[in-house]
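# Summary of the model geometry
If you want the building blocks of each chain, they are given just below.
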Amino acid sequence: MKMIKCYIQYEKFEVLREKLFELGVPGISVVDAKGIGKPMSHMKSTTDSKVPQFHACVEISVVLENEAVDEVIDMVVKTAHTGNLSDGKIFVLPVEDAI
């Protein structure tokens, strides 16, 4: 089993939720989150620099059988991608067991 954890813009959430259930995803967890996508170490440091602000986003977690992971990731990318900064991030993690 795998856990897909993705961070997406709020505006994309409802469409993504509907598509996840259309694919037969058994359930999802949703958390309001904030994040900065560009690592601070890559920011240019000048005296004028401001600390980047957090962007509000939605964290979605789903646990799936390994066979369904690629299809779900493809759908998330197609649904959530805008090409702009703060599009989000997708992580795939191993799940040993679910009780």
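The structure we're discussing is the one just above.
Summarised in this report is the structure supplied together with it. Because the structure is predicted, anything quoted here is derived from the model rather than measured. (Residues numbered from 1 in each chain as written. Predicted model: local features only at pLDDT ≥ 70, side-chain atom pairs only at ≥ 80, totals over all residues. Heavy atoms only, no water.)

A tally of regular secondary structure across the protein chain gives 2 helices and 4 strands. Listed by position from the N terminus, the elements making up the protein chain come as β-α-β-β-α-β. (Helix = DSSP H or I, 4+ residues; strand = E, 2+ residues; numbered from the N terminus.)

Tracing the backbone through its elements, the reader meets Lys-34 in strand β2 (residues 29-35). For Lys-34, a relative accessible area of 65% puts it in the exposed group. Ignoring any residue separated from it by four or fewer positions in sequence, one finds Lys-34 in contact with Phe-54, His-55, Ala-56 and Cys-57. (Buried < 20%, exposed > 50% of the residue type's maximum accessible area, 1.4 Å probe, protein only. Contact = heavy atoms within 4.5 Å.)

Turning our eyes to something else, we now look at the side chain of Ser-61. For Ser-61, the location among the structural elements is in strand β3 (residues 55-64). Excluding its chain neighbours within four sequence positions, the residues that come into contact with Ser-61 are Met-3, Ile-4, Lys-5, Gly-27, Ile-28 and Ser-29.

Three or more residues of helix α1 (residues 13-22) are buried, namely Phe-13, Leu-16 and Leu-20. Summarising the axial view, the buried residues of α1 lie within an arc of 65°, below the 170-degree limit, and thus occupy one face. Against β1 (2-8), β2, β3 and α2 (69-80) lie the buried residues of α1. The positive-phi residue at the C-terminal boundary of α1 is Gly-24, with phi of around 90°. (Arc of directions from axis to C-beta.)

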